[in-house]
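Observations on the model geometry
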Amino acid sequence: MNEKQMVGEKAVEYIKDGMVVGLGTGSTAYYTITKLGELVRNGFNIKGIPTSEQTAALAVEQGITLVDFKDVNQIDVAIDGADEFDADLNLIKGGGGALLREKIIANAASIFIVIADSSKGAKKLGAFPLPVEIVTFGADMTTKKIAELGCEPKLRLTGNQPFITDNGNYILDCDFKHIESPKEMELQLNKIPGVVENGLFVNMADRLITIENGELVEKT
Ligand code: 5RP
């Protein structure tokens, strides 16, 4: 079993019958969602709130009932991957372009569980270019303002066209090399008009499931 499958399936142990579950996006969350599908086929009643259209399609394929925010009072547990995590469980997310919905759902969840293979651990965040979602209007100006914070922003492309998020926006991948203060940077970026959200998830993760020396480990 590969590391993504190990951590993705382990997280499902936190899901109980009747729960509303935030469903993450990416190749690690894939294993969580397929395992949840197995539970549903065995009679579990869970409801999912997806963090992307891609995840919504996978969840439906797996027989997981999807619900909207207006239909639930709370999200019990959200499970999602990460592009980087540090020792304080701060994260960079958004490699799959779903960071806005991921942050809304992680923030709304009573418990946010992060699943990440061993390659995602970092002493300092920032080696992975930070995804920042921006509106298309004024994108060149927004890009310049973001660059003033000390990074090299690159417009994410699909082929030779801009990548468009599920929310109709662009993603800038911002190479900071390292981010000294993730909280400060998260706030600075979100102050720039045109920035919708950025992929720094600071003090949000309640639990990290990862691999050390080939073994599953959990950190809180
Ligand atoms: C998507 C994300 C993903 O959780 C992150 O990119 C990790 O992906 P993977 O599990 O495929 O390595 O933030 O926006």
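This structure is a prediction, so every number in the text was calculated from the model and none was measured.

1. Some remarks on the pairing of strand β4 (residues 75–80)
With five of six residues buried, β4 lies mostly within the body of the structure. Where strand β1 (residues 20–23) meets β4, three bridges bridge the pair, whose relative direction is parallel. Residue pairing for β4: valine 21 is matched across the bridge by valine 77.

2. Overview of the pairing of strand β15 (residues 207–212)
The side chains of a regular strand alternate, residue by residue, between the two faces of the sheet. Summarising the sheet, strand β7 (residues 109–115) and β15 pair through three bridges and their orientation is parallel. The residue bridging isoleucine 115 from the neighbouring strand is isoleucine 209, located in β15. Strand direction decides the pairing type here: β15 and strand β16 (residues 215–219), joined by five bridges, are antiparallel. Its bridge partner lying in β16, glutamate 212 is registered against glutamate 215. In sequence, β15 turns back onto β16 through a hairpin of two residues, with asparagine 213 there showing a positive phi of about 50 degrees.

3. Overview of the packing of helix α1 (residues 3–10) against helix α2 (residues 29–41)
At a minimum axis distance of 7 Å, the contact between α1 and α2 shows a crossing angle of 50 degrees. Put simply, α1 runs oblique to α2. For the pair α1 and α2, the sense of crossing is right-handed. Seen from α1, the contacting residues are Lys4, Gln5, Gly8 and Glu9; seen from α2, they are Ala29, Tyr30, Tyr31, Thr32 and Lys35. Counted by class, the contact of α1 with α2 contains three nonpolar, three polar and three charged residues.

4. Digging into the nonpolar core
Within the largest apolar cluster, 51 residues are counted, with the highest numbers of intra-cluster contacts made by Ala78, Ile79, Ile113, Val114, Ile115 and Val132. Residues contacting isoleucine 115, with those up to four places away along its chain left out, are Val7, Gly8, Ala11, Thr28, Thr32, Ile79, Gly81 and Ile209.

5. Regarding the UniProt feature "active site" (unreviewed entry) in the protein
Mapped onto this numbering, the UniProt entry gives "active site" (unreviewed entry) at Glu102. Relative to the helices and strands, glutamate 102 is located in helix α4 (residues 99–108). Note on glutamate 102: 32 C-beta atoms within 10 Å, which makes it buried. Setting aside residues up to four positions removed in sequence, glutamate 102 forms contacts with Gly24, Thr25, Thr51, Asp80 and Lys93.

6. Description of the site of the ligand
The environment of the ligand is made up of 18 residues, and the closest members are Gly26, Thr28, Gly81, Gly95 and Gly96. Among the residues forming the shell around the ligand, the class breakdown is four nonpolar, ten polar and four charged.

7. Points about α1
One turn of an α-helix holds 3.6 residues; hence residues three or four places apart share an orientation. Inspection of α1 places Lys4, Val7, Gly8 and Lys10 among the buried residues, and these make up the whole buried set. Down the axis of α1, the smallest arc covering the buried residues is 165 degrees, so these residues share one side. The inward-facing, buried residues of α1 contact α2, β7, β15 and β16.

8. Some points on the sheet that holds strand β9 (residues 152–155)
Pairing is antiparallel in the open sheet, where four strands are placed in the order β9-β12-β8-β13. This sheet does not close on itself; its edge strands, each paired only once, are β9 and β13 (195–198). Across the sheet, the mean angle separating the axes of adjacent strands is 30 degrees when strand polarity is ignored. Bridge count between strand β8 (residues 130–134) and β13: three bridges; the pairing is antiparallel. Paired with glutamate 133 across the two strands is glutamate 197, which belongs to β13. Along the sheet face, α4 touches β8 and β13 and points at about 65 degrees away from the line of β13.

9. As for the sheet that holds strand β6 (residues 91–92)
The strand order across the open sheet built from three strands is β5-β6-β14, with neighbouring strands paired in antiparallel fashion. Looking at the sheet topology across the chains shown, the edges are occupied by β5 (84–85) and β14 (200–201). As judged from the two bridges shared by β5 and β6, these two strands associate in the antiparallel manner. Counted as the bridge partner of glutamate 84 is isoleucine 92 from β6.

Cut-offs used in this document
- Residues numbered from 1 in each chain as written.
- Predicted model: local features only at pLDDT ≥ 70, side-chain atom pairs only at ≥ 80, totals over all residues.
- Buried ≥ 20, exposed ≤ 12 C-beta atoms within 10 Å, placed from the backbone.
- Helix = DSSP H or I, 4+ residues; strand = E, 2+ residues; numbered from the N terminus.
- Pairing = 2+ DSSP bridges.
- Axes fitted to C-alpha atoms, helices over the stretch in contact; angles between N-to-C directions.
- Parallel < 35°, antiparallel > 145°, perpendicular 65-115°, else oblique.
- Left-handed = near helix turned anticlockwise from the far one by under 90°.
- Contact = placed C-beta atoms within 7 Å.
- Nonpolar A, V, L, I, M, F, W, Y, C, P; charged D, E, K, R; others polar.
- Core = buried A, V, L, I, M, F, W, Y, C linked by C-beta atoms within 7 Å.
- UniProt positions renumbered as here; feature names shortened; annotations may be inferred.
- Near = placed C-beta within 6 Å.
- Arc of directions from axis to C-beta.

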